[in-house]
Amino acid sequence: MSSNSTMIRSMHDLGLATWFGGSLMGAVGLNGATAQARDPQERTRLSSLGWARWTPVQVAAVGVHAVGGVGLIGDNKGRLASDPASMANTKAKFWLTVAAAGATLYSGVLGGKVSSMQDQGGRGATEPSAVADPELASAQKQLRRLQWLIPALTGGLLVLAAQQGEQQRDARGLLDKLRR
């Protein structure tokens, strides 16, 4: 494996790990902790501040993962053309990446709505108060689902990446056996 391949694979994996880990930490840690604030306005304010600080890192992580993914496809085009299982895995990863990126982008849009109405507060970061504006309540309810969907999608990508690594290892093992 060339150093270029190592760099590309590292970009793919580190970007994905950051995307997955940050999303999961945000759902469990940030949103969970801010829900414990005594003041309902502090719940949405602190959550909005935390997600706003994380957004540039999240965007960079998605971009680094995407660049690495495109690089891996280019690096492995011969194997993808000759191995239907590797091609199927790559197609599944592509569509799962599109879904995860779409969910991440949409959660950012919804987070912006919550941030703009944060003074209304909430029972939690993703749980509207009984008197919340319908637009805020809708955004918070959708975010409640997305905060778990994004780690599920990116976790699926991690599994497919591991599977693809095993497929590549199997191919190299076969070549080593043929050389003996």
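Residues numbered from 1 in each chain as written. Predicted model: local features only at pLDDT ≥ 70, side-chain atom pairs only at ≥ 80, totals over all residues. Heavy atoms only, no water.

(A) Quick peek at the packing of aromatic side chains. By the definition in use, this model includes one aromatic pair. Pairing Phe94 with Trp95 gives two aromatic rings, centres 4.8 Å apart and planes at 80 degrees, and the pair type is edge-to-face. According to the relative accessible area criterion, Phe94 is partly exposed, its value standing at 44%. Under the relative-accessibility criterion, Trp95 is labelled exposed at 59%. (Phe/Tyr/Trp six-rings, centres within 6.5 Å; stacked < 30°, edge-to-face > 60°. Buried < 20%, exposed > 50% of the residue type's maximum accessible area, 1.4 Å probe, protein only.)

(B) Spotlight on helix H2 (residues 40-75). Helix length check: H2, at 36 residues, gives a terminal C-alpha distance of 51 Å against a target of 52 Å (1.5 Å per residue), a fit within 8%. Considering bend angle alone, the principal kink of H2 is centred on Thr55 and spans about 35 degrees; proline Pro56 follows within four residues of it. A side-chain oxygen of the first residue of H2 lies 2.9 Å from the backbone nitrogen of Gln41; this N-cap is Asp39. (Helix = DSSP H or I, 4+ residues; strand = E, 2+ residues; numbered from the N terminus. Expected span 1.5 Å × (residues − 1). Bend = angle between axes of the 7 residues up to and from the residue. Polar contact = N/O pair within 3.5 Å; in protein donor to acceptor, adjacent residues only side chain to side chain.)

(C) Seen up close, a nonpolar patch on the surface. A grouping of Leu24, Val28 and Trp148 is seen on the molecular surface, where their side chains present a nonpolar patch of about 280 Å² in accessible area. Locating Trp148 in the fold gives a position in helix H5 (residues 134-179). (Patch = residues over 30% accessible without salt bridge, like charges linked within 9 Å, V, L, I, M, F, W, Y side chains within 5 Å. Areas by Shrake-Rupley, 256 points an atom, 1.4 Å probe, with all protein chains shown as cover. Salt bridge = Lys/Arg side-chain N within 4 Å of Asp/Glu carboxyl O.)

(D) Representation of the environment of Asp133. Counting through the fold element by element, Asp133 comes out in the loop between helix H4 (84-116) and H5. What makes Asp133 partly exposed here is its relative accessible area of 30%. Counting along the chain gives 13 residues from Asp133 to Gln120, while the straight-line C-alpha distance between them is 7.9 Å. Not counting residues within four places of it along the chain, the set of residues in contact with Asp133 comprises Met117 and Gln120. (Contact = heavy atoms within 4.5 Å.)

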